[in-house]
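Chain by chain, the residues run as shown.
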Amino acid sequence: MRFETMAIHTGDRPDAATGAVSVPIYQTSTFVFEDVDKTRGWDYSRSANPTRKVLEDTIARLEGGKAGFAFATGMAAETTVMHLLKRGDHVISGDDVYGGTYRLFQDVMTAFGLEFTFLRMNDGKRIEEAIRPNTRMLWLETPSNPLLNIIDLEMVVDIARRHKLLTVVDNTFATPYFLRPIEYGIDLVVHSTTKYLNGHCDVVGGAVVTTTDELTQRLQFLLNAMGTCASPFDCWLVLRGIETLPVRMRQHQENALAVAEYLDRHPAVKKVLYPGLESHPGHAIAKKQMKGFGGVVSFELTGGIRGVNTFLRRLRVFSLAESLGGITSLVEHPATMSHASMPQDCRESTGITSQLIRLSVGLENVDDLTDDLEQALNRP
Ligand SMILES: *Cc1c(COP(=O)(O)O)cnc(C)c1O
């Protein structure tokens, strides 16, 4: 089966118990035992739930992995993955990861004895130099949030295999429609399903896809032990979103490219970060590694912070809000919003300046999007 078909047909659909064409929302905490010591395959919804299972099977298949797990949020998925490690382990993470990921690592997990090094993951030599005897994991995003840096996964996997490190890719931005990290040898894929997989700005959720039986068993144990799983209704919403993922991603990308090209020509714009532009430093790798470039465009304005604020206030079609990946276009200011949890010096050395603006280009008519940018940039 091809991607579009798998997105609609994977898992127990139509529902075997009733024939329902839409996956039923099994809104139940517990399941009756057939006999003492004998279940019908389900016992308690924290351990497993039939609606959640369809979502987990679908995400696993779309990513080409072994098994999937659905979590209450992207951060719940990440927190659970970090519990694969133990006190004294060292993690090398991209320095331009999602602000909440940085906060989880730096401000939460260090208290449990994990150690972190943050660096730009596009330089293999620097990764090798950062590896210590206790290094266990490499964690990265490609394209990264909000700078849209592209990391060469073949290079990262080559280093990881030589040093026996677990590799994790946060595939929220690309989605499996544009990038399948497991095909490059990545061990674990994580998602904030809040973003493109759900795609409608009406749920928060997360997912993890594994590649080995050992990782699968461990993740199932941790999800159940930690209770970080997603609710049946949220799973149903994400499932409904995934059914249209391919058509949405094609349109997100078409609109994003047009917006990026428009901004690139505008004199008030200092630089545009979009991997689909030939001027982007990661364009060649992105073209080789991905089937498309996604729907997020970041850019810097030439003026100071006052110009940024004026621009943000003038936009009408783009709403000023955190998050991304939904049908509706959003704009945000990473330095004061999504990445405010990163210390200022860290933000600045990474390249998240106060002039940086991130757009999540939605599915509106693209001319209305460029008209909106035009009136916000050009009004005196
Ligand atoms: C939003 C986001 C997360 C966190 O997900 P939540 O669902 O908000 O908890 C993690 N990684 C990336 C890349 C994100 O954009």
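**Side note on the side chain of Gln375**
Here's step 1: With respect to the element layout, Gln375 can be found in helix α14 (residues 366–378).
Here's step 2: Dropping the residues within four chain positions of it, Gln375 is found in contact with Arg314, Leu315 and Arg316.

**Notes on unusual backbone geometry**
Here's step 1: Cis rather than trans, the peptide bond between Thr142 and Pro143 has omega equal to -5°.
Here's step 2: Here Pro143 lies in the loop between β4 (135–141) and α6 (153–162).
Here's step 3: Geometrically, the link from Asn145 to Pro146 is a cis peptide bond, its omega value of 5° lying close to zero.
Here's step 4: Structurally, Pro146 can be placed in the loop between β4 and α6.
Here's step 5: One non-glycine residue, Cys201, lies in the positive phi region at around 55°.
Here's step 6: Examined against the element boundaries, Cys201 turns out to sit in the loop between β6 (188–192) and β7 (206–210).
Here's step 7: Assessed through its relative accessible area of 41%, Cys201 is described here as partly exposed.

**With respect to the sheet that holds strand β5 (residues 166–170)**
Strands pair in a sheet through their backbones, by hydrogen bonds, and they do so in one of two ways: parallel or antiparallel.
Here's step 1: Overall, mixed pairing links the seven strands, which are arranged β1-β7-β6-β5-β4-β2-β3 in an open sheet. On the outer flanks of this sheet lie β1 (67–71) and β3 (115–119), each paired with one strand and no other. With strand direction ignored, the average angle separating the axes of adjacent strands in the sheet is 20°.
Here's step 2: Across four bridges, the pairing between β6 and β7 is antiparallel. Counted as the bridge partner of Ser192 is Gly206 from β7.
Here's step 3: Across the sheet, helix α4 (residues 99–108) is in contact with β2 (90–94), β3 and β4; its angle to β3 comes to roughly 145°.
Here's step 4: Each of β1, β5, β6 and β7 touches helix α8 (residues 213–226); the most contacted strand, β1, lies at about 20° to it.

**Some thoughts on the pairing of strand β9 (residues 296–301)**
Here's step 1: Counting buried residues in β9 gives six out of six residues, a clear majority hidden from the surface.
Here's step 2: Where burial is concerned, the two faces of β9 agree: the one with Val296, Ser298 and Glu300 and the one with Val297, Phe299 and Leu301 are both buried.
Here's step 3: Of the strand pairs in this sheet, strand β8 (residues 269–273) and β9 are connected by four bridges, and their pairing is antiparallel. Within β9, the position partnered with Leu273 by the bridge is Ser298.
Here's step 4: One ladder, built from five bridges, connects β9 with strand β12 (residues 356–360); its direction is antiparallel. Its bridge partner being in β12, Val296 is matched across the sheet by Ser360.

**Thoughts on the site of the ligand**
Here's step 1: Contacts to the ligand come from 14 residues, most closely from Gly74, Asp170, Ser192, Thr194 and Lys195.
Here's step 2: Between the ligand and Asn145, the relevant distance is 3.5 Å, taken from an oxygen atom to a side-chain nitrogen or oxygen of the residue.
Here's step 3: The side chain of Ser192 places a nitrogen or oxygen atom 2.8 Å from an oxygen atom of the ligand.
Here's step 4: Taken by itself the ligand offers 390 Å² of open surface, and the protein chains cover 92% of this.

**Side note on α8**
Here's step 1: Counted at 1.5 Å a residue, the expected span for α8 with its 14 residues is 20 Å, and the 20 Å between its end C-alpha atoms agrees.
Here's step 2: Among the residues of α8, those classed as buried are Leu215, Thr216, Leu219, Leu222 and Leu223. Buried residues along α8 cover an arc of 135° about the axis, so they all sit on one side. Residues of α8 that are exposed and point more than 90 degrees away from the buried face comprise Glu214, Gln217 and Ala225.
Here's step 3: Elements that come into contact with the buried residues of α8 comprise α2 (50–63), β1, α3 (74–82), β5, β6 and β7.

**Focus on the side chain of Asp96**
Here's step 1: Mapped onto the secondary structure, Asp96 falls in the loop between β2 and α4.
Here's step 2: A distance of 2.7 Å separates the side chain of Asp96 from the side chain of Asn149, its partner in a polar contact.
Here's step 3: For Asp96, the contacting residues outside a window of four places in its chain are Arg120, Glu141, Ser144, Asn145, Leu147, Asn149 and Thr350.

**A short note on the domain arrangement of the protein**
Here's step 1: Domain parsing of the protein yields domain 1 (3–242) and domain 2 (246–378).
Here's step 2: The straight-line distance from the C-alpha centre of domain 1 to that of domain 2 is 26 Å.
Here's step 3: Every contact between the two is made by 40 residues of domain 1 and, on the other side, 42 residues of domain 2.
Here's step 4: Interface of domain 1 and domain 2: buried area, both sides summed, is about 3400 Å²; carbon and sulfur atoms make up 64% of it.
Here's step 5: If you sort the residues of domain 1 by the area they bury against domain 2, Ile150, Phe178 and Tyr196 come out on top, with a joint share of 24%.
Here's step 6: One can count one salt bridge joining domain 1 with domain 2.
Here's step 7: With a shortest N-O distance of 3.2 Å, Glu4 and Arg250 are connected by a salt bridge.

Thresholds, definitions, all that
Residues numbered from 1 in each chain as written. Predicted model: local features only at pLDDT ≥ 70, side-chain atom pairs only at ≥ 80, totals over all residues. Heavy atoms only, no water. Helix = DSSP H or I, 4+ residues; strand = E, 2+ residues; numbered from the N terminus. Contact = heavy atoms within 4.5 Å. Buried < 20%, exposed > 50% of the residue type's maximum accessible area, 1.4 Å probe, protein only. Pairing = 2+ DSSP bridges. Axes fitted to C-alpha atoms, helices over the stretch in contact; angles between N-to-C directions. Near = heavy atom within 4 Å. Polar contact = N/O pair within 3.5 Å; in protein donor to acceptor, adjacent residues only side chain to side chain. Areas by Shrake-Rupley, 256 points an atom, 1.4 Å probe, with all protein chains shown as cover. Expected span 1.5 Å × (residues − 1). Arc of directions from axis to C-beta. Domains from an automatic or database assignment. Buried area = accessible area lost by both parts, 1.4 Å probe. Salt bridge = Lys/Arg side-chain N within 4 Å of Asp/Glu carboxyl O.

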